[in-house]
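So the chains spell out like this:
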Amino acid sequence: MLARLEKNEPGTKWFRLWDKVMDARTLETGFLSVLRNDGAPGVDGQSAGQFEAGQKENLLKLSRELRDGTYRPAPCRREWIPKAGTNEKRPLGIPVVRDRTVQAALKAVIEPIWEREFAERSYGFRPGRGCQQAVGKVEELLKAGHTVVVDADLKGYFDSIPHERLMAKLRERIVDGKVLGLIGQFLEAGVMDGMKGWQPTESGTPQGGVISPLLANVYLNDLDHDVARRGWEMVRYADDFVILCRDEAEAQSVMEHLKAWTEAVGLTLHPTKTRVVNHGKGEGFDFLGWHFERGYKWPREKSVDKLRTTLREKTPRCSGQSLPVIIASLNRSLKGWYGYFESSVRNVLERQDQFVRRRLRALLRQRAKRPGSGRTTQDHQEWTNDWFTTQGLFSLGKRPLRTSPVSP
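The structure presented is a predicted model; accordingly, all values stated were derived computationally and were not measured.

**A closer look at the sheet that holds strand β10 (residues 290-293)**
- Spatially, three strands are ordered β9-β10-β11 in an open sheet, and the strand pairing comes out antiparallel. The open sheet is flanked by β9 (285-287) and β11 (296-299), the only strands paired with a single partner. Adjacent strand axes in the sheet meet at a mean angle of 30° when their direction is disregarded.
- Relative to β10, β9 runs antiparallel, the two being bridged by three bridges. Within the sheet, the bridge partner assigned to Phe287 lies in β10 and is Trp290.
- Along the sheet face, helix α7 (residues 131-143) touches β9, β10 and β11 and points at about 5° away from the line of β10.

Encoded structure:
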């Protein structure tokens, strides 16, 4: 198949794919990816580890069901996940392990077809691409003078993709009826939502499904190419995208086009979150966890809040864990956060260091049976910044940074 992809032009229609999806080797590869990602159990309560215990028999059964046409996906288990910095929650659909395995096999077969179709400025959930490259492209365009930014937000995108229109897009490249039927089954399997029981999924592709990000990229692919043909500079990561313009007039044209395009394909621009930002005049905008303003970037407020929530959970004053164990746990979170935000302005990173040390001083005061919050001069003298360094605490602000200005 990969050899044929090299020989065929983009736009080729693919007929014989089903044998590759149900092949035992493809399913095994799919399950291994599911096992690596782990994840919560679906409606049947089975974990990836439990599936692994009977891996050979489970995969043979899946292959047999796909071959004889008796395979049916189970409903997703719906969980409501808090949205950082708000009182809102977003729905997450968790398929059972066996369905995640089939979705992973299906994705492995059809993703190479669509990878040849996807636009250059699409970065989300694609092989060899990620947030860092998308953020780098935004910085590059800002420096090149594209400082009027259309900050777009698609309202409930993953839950509102029209099924029939999505299937029509897939049929442009895939003609194998069994593969298309399998995708349709996943889209229409419904969800189990707590006390509400089974709920139909009349639109959307549930977040949490292995195949969902690919299908979401397929549906927005036309927008990517349409914007590029018009000469506009868009950077997209899944449903999160910005279009960087040279002036207000261009930005207004972009806004009008986005409103017309989304309405035509059954999507909705968020009326309050979609806006035009003049970065050149000091206005700021958020993208992929970052805040861009006045030529600098630093973690957006929600990213900081999420980190601090994690740090609070790891440093309760009543913790019975030893200090080395607490610091080791903190370091895992701090290093992971630093890995993404290391190019932030330095003073924002230093403030998170101060927050961590303050939490630890309060904990140590509690153990010394002294009331207080760990902010006194005595606390700073007893447990200095350097002392925490000798205890092995990872410092965000003292690490060598690629870009380390201090925000004005």
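**Side note on the environment of Ala216**
- Mapped onto the fold, Ala216 is located in helix α11 (residues 212-229).
- Residue classification places Ala216 among the buried residues on the basis of a relative accessible area of 1%.
- With 36 residues separating them along the chain, Ala216 and Gln252 place their C-alpha atoms 26 Å apart.
- Every residue in contact with Ala216, bar those within four places of it in the chain, is listed here: Tyr157, Phe158 and Ile161.

**A short note on the pattern of salt bridges**
- Inspection of the entire model under this criterion finds 22 salt bridges.
- Across the pair Lys137 and Glu140 runs a salt bridge, and its minimum N-O distance is 3.0 Å. Of the two residues, Lys137 and Glu140 both sit in helix α7, three residues apart, roughly one turn of that helix.
- You can call Glu140 partly exposed: its relative accessible area is 45%.
- The salt bridge involving Lys169 is made with Glu172; its shortest N-O contact spans 2.9 Å.
- For Glu172, a relative accessible area of 33% translates into the label partly exposed.
- Several salt bridges share partner residues, and in doing so they unite Arg365, Arg370, Asp379 and Glu382 into one network.

The rules behind the values
Residues numbered from 1 in each chain as written. Predicted model: local features only at pLDDT ≥ 70, side-chain atom pairs only at ≥ 80, totals over all residues. Heavy atoms only, no water. Pairing = 2+ DSSP bridges. Helix = DSSP H or I, 4+ residues; strand = E, 2+ residues; numbered from the N terminus. Axes fitted to C-alpha atoms, helices over the stretch in contact; angles between N-to-C directions. Contact = heavy atoms within 4.5 Å. Buried < 20%, exposed > 50% of the residue type's maximum accessible area, 1.4 Å probe, protein only. Salt bridge = Lys/Arg side-chain N within 4 Å of Asp/Glu carboxyl O.

None of this, on its own, says anything about what the molecule does.
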